[in-house]
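What the coordinates show
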Amino acid sequence: MCAARERRCVWRQRALLCCVLLAAWEVAWGQLRYSVPEELPKGSFVGDVAKDLALQLAALRDRGARVVSADRTQYFALHANSGHLVTAEKLDREQLCEGVQRCVLRCEVIVEGEMKFYGIEVEITDINDNAPSFREAEKELRMSEMTAPGSRFSLSKAHDPDVGVNSLQSYELSGDEHFSLSVQVGADGEKRPELVLAKALDREEAAFHELVLRAIDGGEPARTGTARIRVSVLDANDNAPVFSQAVYAVRVPEDVPVGSTLLTITATDVDDGLNADVKYSFKEISTKASKVLYLDPKTGSIRLLRSLDFEEGDSYEMEVHAHDTGELFDTATVSVSVTDVNDNAPEISVRSALSEISEDAPPGTVVALLHVQDRDSGTNGEVRCSIVESLPFQLERALDNYYSVVTSRELDREEVSEYNVTVWASDGGSPSLRSSAVLALRVLDVNDNAPVFAEARYSARLPENNAEGALVLTVRAWDADWGQNARVRYRLAEGRVRGAPLSSYVSVQAETGALYALRSFDYEEVREVGLWVRAEDGGAPALSSNVSVRLLIVDENDNAPQVLYPPSSSSAAAGAGWTGVELAPRSAEPGALVAKVVAVDADAGQNAWLSYELAKATEPGLFRVGLHSGEVRTARSPLARDAPRHSLVVV
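Residues numbered from 1 in each chain as written. Predicted model: local features only at pLDDT ≥ 70, side-chain atom pairs only at ≥ 80, totals over all residues. Heavy atoms only, no water.

Now for the pairing of strand S7 (residues 116-125). Most of S7 sits inside the fold, with 7 of its 10 residues counted as buried. Here strand S1 (residues 31-37) pairs with S7 via 7 bridges, running parallel. Looking at S7, one finds that Tyr34 is bridged to Val122. Relative to S7, strand S6 (residues 104-111) runs antiparallel, the two sharing 8 bridges. Across the sheet, the residue bridging to Val109 is Tyr118, located in S7. (Buried < 20%, exposed > 50% of the residue type's maximum accessible area, 1.4 Å probe, protein only. Helix = DSSP H or I, 4+ residues; strand = E, 2+ residues; numbered from the N terminus. Pairing = 2+ DSSP bridges.)

The next point concerns the UniProt feature "domain: Cadherin" (unreviewed entry) in the chain. Feature annotation in UniProt places "domain: Cadherin" (unreviewed entry) on residues 69-134, 135-243, 244-348, 356-453 and 454-563, given in this structure's numbering. Helix and strand shares over residues 69-134 are 6% and 41% respectively, and the end C-alpha atoms of the span are 36 Å apart. This span, residues 356-453, is 0% helix and 51% strand, and a straight line between its end C-alpha atoms measures 31 Å. (UniProt positions renumbered as here; feature names shortened; annotations may be inferred.)

Before going further, it helps to spend a moment on the packing of aromatic side chains. When we look at a pair of aromatic rings, we describe it by the centre distance and by the angle of the planes. Considering all chains together, one arrives at 8 aromatic pairs under this definition. Each ring, one from Phe453 and one from Tyr458, has its centre 6.4 Å from the other, and the planes form 75°; the classification is edge-to-face. The buried category is assigned to Tyr458, whose relative accessible area is 7%. One residue, Arg434, lies across the ring of Trp424, its end atom 3.7 Å from the ring centre. The ring of Tyr505 carries Arg519 above its face, with NZ or CZ at 3.9 Å from the centroid. (Phe/Tyr/Trp six-rings, centres within 6.5 Å; stacked < 30°, edge-to-face > 60°. Lys NZ or Arg CZ within 6 Å of the ring centre and 35° of its normal.)

Reading across from one edge, S46-S50-S49 is the order of the 3 strands in this open sheet, with antiparallel pairing throughout. Each of the sheet's edge strands pairs with one partner strand only, and the pair in question is strand S46 (593-596) and strand S49 (623-625). Taken over all neighbouring pairs, the strand axes of this sheet differ in orientation by 25° on average, direction set aside. Summarising the sheet, S49 and strand S50 (residues 631-634) pair through 3 bridges and their orientation is antiparallel. Its bridge partner lying in S50, Arg624 is registered against Arg633. (Axes fitted to C-alpha atoms, helices over the stretch in contact; angles between N-to-C directions.)

Another point: the nonpolar core. The biggest cluster of nonpolar side chains holds 31 residues, and the ones touching the most others in it are Tyr490, Phe521, Leu531, Val533, Val549 and Leu551. Membership of the second largest hydrophobic core comes to 28 residues, among which are Val256, Ile265, Leu295 and Ala322. (Core = buried A, V, L, I, M, F, W, Y, C linked by side-chain atoms within 4.5 Å.)

Now for unusual backbone geometry. In terms of backbone geometry, most residues other than glycine have negative phi values and most peptide bonds are trans. Residue Pro431 follows Ser430 across a cis peptide bond; omega there is 0°. Of the consecutive residues Tyr565 and Pro566, the connecting peptide bond is found in the cis state with omega at 0°. The topology assignment puts Pro566 in the loop between strand S45 (562-565) and helix H6 (570-576). Positive phi, close to 55°, is recorded for Ala54, a residue that is not glycine.

In this section: the environment of Ala480. Its place among the elements puts Ala480 in the loop between strand S37 (477-478) and strand S38 (489-492). Residue classification places Ala480 among the partly exposed positions, given a relative accessible area of 43%. For the pair formed by Ala480 and Val452, sequence separation is 28 residues and the distance between their alpha carbons is 8.5 Å. Beyond its immediate chain neighbours, meaning those up to four positions away, Ala480 contacts Arg413, Glu414 and Asn449. (Contact = heavy atoms within 4.5 Å.)

Within this structure, the stated rule accounts for 1 disulfide. Across a sulfur-sulfur distance of 2.0 Å, Cys97 and Cys103 are joined as a disulfide pair. Between Cys97 and Cys103 the disulfide shows an S-S torsion of about 55°. By sign, it is right-handed. Pair check on accessibility: Cys97 and Cys103 agree, each one buried. Here Cys107 is not cross-linked by a disulfide; its sulfur's nearest cysteine counterpart is in Cys103, at 13 Å. (Disulfide = S-S within 2.5 Å.)

Here is the structure:
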């Protein structure tokens, strides 16, 4: 017992040493390799990923890191606080890698914020946790008493799922002097036990022989398995069945229907009667094959029990027996090769992706990291990925089956604000199978558009003597950006009118662009105001544009005509009107110019058009006034009876 405890202690120390120390690791092209023994409890240390990849723990925690695997089961996890890779499940090497000498699990560490990934290989090393076992714990052999000494009889092999020294190493036989054990080693190194008849049988002496076959592995401590063999001695049956061929081989596609007969084995026995009655059975067959194939004991036909899957197994090899009633037999090998059918579409896994991207992101910006695989093989498993060419994105091949989706040119949110990028994966089968993944991406706005006015220039007409605060016109500008970048505010550019600041004459409402008059305009002082309005968005830095505004003051008839000639007298200044003295000869002809009244009006247009009329005269009919010229002329020749002085009132 002490020795057993010491051996267990040594094993535990070795297992702990394998956990703490890396059996083999290297970092090449982002690849880490570790080694741990199987059967470690969940949460056991595998490797210090943060240290081996020179990653900062703060970056792992803040930016996010996780372990992903192509398999549905995640066998490993990453502790963000320590950067250690640990087991997420209890690992059974025999369950994970049945029949594989070197058991390697692969996964990747994805660092979300950095858009980086690192491949990891973890080798699961074997421990001696399985004893050799026989498929049949008890076996009965029927031998004729005529069997010659030296005859050999195949025995069932023991199976040990462990590998290396922990696997099956030797056989032992206990029984009686009539039998001995011979172990044959095949070309593949597999040990096949055979029962050898060492001494002639005598049914009258002993009708039965009880033997024990023991299988022993090379672990420390060694594990064993036993099978009981009962030999029944029969009367002579001197001819064994003979197969028509030593090896039966067939190739079938993986989509062959369930229930189909894959092949038929045949054997003949030259004996007569019951001794020639041949039965068929599997001698050596794996557990997996026994669930898929059925051998009819009477006809020798091998039928399909369940659907084949090339991805689960591409070949099945087994030994078959043809035996007669006397238990004489022949052995043949059956090999079933499964050919691949394109029955698996490519699988696209989005390992990391952005949901938003700025429109000023440079070409080549990574927006998603994809993993693509196809469970088929050969051409059927060759995958090609593509994106619609019209989109501003392209695929770049990364390590192994990884693709990066990157921008192929600059984006413009004002042109397209959202993208649904469909990535297609097609295999090389015929017909080809394909699948897709959709990436939803929103384009974030950048302040790259200045406001644009609705008109190239603005003009408005404002009657003079307007009310203070009167609305003149409204300018409008739009910005193609979004949100705060598209919020437009208006203001006046600096300027002066008649020496005064422009802002004392007009103002613009910052939010609406409404332009208001701050004072009453006088056409006779200001006839036109030219100004610039600036529209500025809310971006940082802000973008702006200017527009010219021309404000025309419209004249109103607010000024009476002023007489320039004849000049007014002092009494006129006192409000008594004005007078003028002109001379006209008595001999003047009709139409002779006597005087001219000259007047002006400060208004403009029709408001400044003047007309003259003779309102009052001492001698009506002697003088007349030009309607538009203001000229006073004789209407007739003066007569002797006409007075020497005449008074005229011209309006």
